[in-house]
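Structure at a glance
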Amino acid sequence: MADARREAAAALSRLAEAAVRYADLRIAEETSDAPISGFSDLKRPKPGEFVADELSMILREQPYQVRCLLARTRRLANDLPTVWQAFRRGDVDHEQIRVIDRVARQ
């Protein structure tokens, strides 16, 4: 049972990393397609503004949950790399990651 839990946590970390990579690619794509200047900028959405909505369709999750996943993944990978590595190894699970992130933000 412990091995299955470890594998599930590691798989979820890979899913989170893939979601962030997708979001980063979409943001880069939308940024490169943006006009250099002009009034049309006022009506254009920000690059990546709807990436969580796209991912929510792919992952079959609510957009809010996907936004949380993206933000949490970025925060942990950048600010708490040791915790992130533990998640990637499956040493901590998704629920533990959520609690650690919430405490770290306070």
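Reference entry: report on the structure contained in this document. (Residues numbered from 1 in each chain as written. Predicted model: local features only at pLDDT ≥ 70, side-chain atom pairs only at ≥ 80, totals over all residues. Heavy atoms only, no water.)

1. Let's talk about the overall build of the protein
Looking only at helices and strands, the protein has 5 helices and 0 strands in total. Ordering the α and β elements of the protein from the N terminus gives α-α-α-α-α. For 106 residues, the compact-globule estimate of 2.2 N^0.38 gives 13 Å, and the C-alpha radius of gyration of the protein, at 16 Å, exceeds that figure by more than 25%. In terms of overall dimensions, the protein has a C-alpha envelope of 55 × 30 × 20 Å along the principal axes. Each of the 106 residues in the protein was classed as buried or not, and the buried ones make up 29%. Sequence separation of at least 24 residues holds for 56% of the intrachain contacts in the protein that already meet a minimum separation of 6. Split by element, the accessible area of the protein, about 7,500 Å² in all, is 56% carbon and sulfur. A gap of 3 Å separates the mean positions of the 18 positive and 17 negative side-chain charges of the protein. (Helix = DSSP H or I, 4+ residues; strand = E, 2+ residues; numbered from the N terminus. Rg over C-alpha atoms; globule rule 2.2 N^0.38 Å. Buried < 20%, exposed > 50% of the residue type's maximum accessible area, 1.4 Å probe, protein only. Contact = heavy atoms within 4.5 Å. Areas by Shrake-Rupley, 256 points an atom, 1.4 Å probe, with all protein chains shown as cover. Lys, Arg positive; Asp, Glu negative; His and termini not counted. Charge placed at Lys NZ, Arg CZ, Asp CG, Glu CD.)

2. Quick look at helix 5 (residues 94–105)
Between its first and last C-alpha, helix 5 extends 16 Å over 12 residues, near the 16 Å set by a 1.5 Å rise per residue. Structurally, the start of helix 5 carries an N-cap: the backbone nitrogen of glutamate 95 is 3.2 Å from a side-chain oxygen of aspartate 93. (Expected span 1.5 Å × (residues − 1). Polar contact = N/O pair within 3.5 Å; in protein donor to acceptor, adjacent residues only side chain to side chain.)

3. Comments concerning the packing of helix 2 (residues 51–59) against helix 3 (residues 63–79)
At a minimum axis separation of 8 Å, helix 2 and helix 3 run at an interaxial angle of 110°. Taken together, the axes of helix 2 and helix 3 are roughly perpendicular relative to one another. From helix 2, Val51, Ala52, Asp53, Leu55, Ser56 and Leu59 reach across to helix 3, where they touch Pro63, Val66, Arg67, Leu69 and Leu70. Taken together, the residues that form the contact of helix 2 with helix 3 break down as 8 nonpolar, 1 polar and 2 charged. (Axes fitted to C-alpha atoms, helices over the stretch in contact; angles between N-to-C directions. Parallel < 35°, antiparallel > 145°, perpendicular 65-115°, else oblique. Nonpolar A, V, L, I, M, F, W, Y, C, P; charged D, E, K, R; others polar.)

4. Focus on the packing of aromatic side chains
Summed over all chains, the structure comprises 1 aromatic pair. Relative to phenylalanine 87, the ring of tryptophan 84 has its centre 5.4 Å away and its plane inclined at 65°; by these criteria the two rings are edge-to-face. Linking tryptophan 84 with phenylalanine 87, this pair stays in helix 4 (residues 81–89), spanning 3 residues, or about one helical turn. By relative accessible area, which is 5% here, tryptophan 84 ends up buried. (Phe/Tyr/Trp six-rings, centres within 6.5 Å; stacked < 30°, edge-to-face > 60°.)

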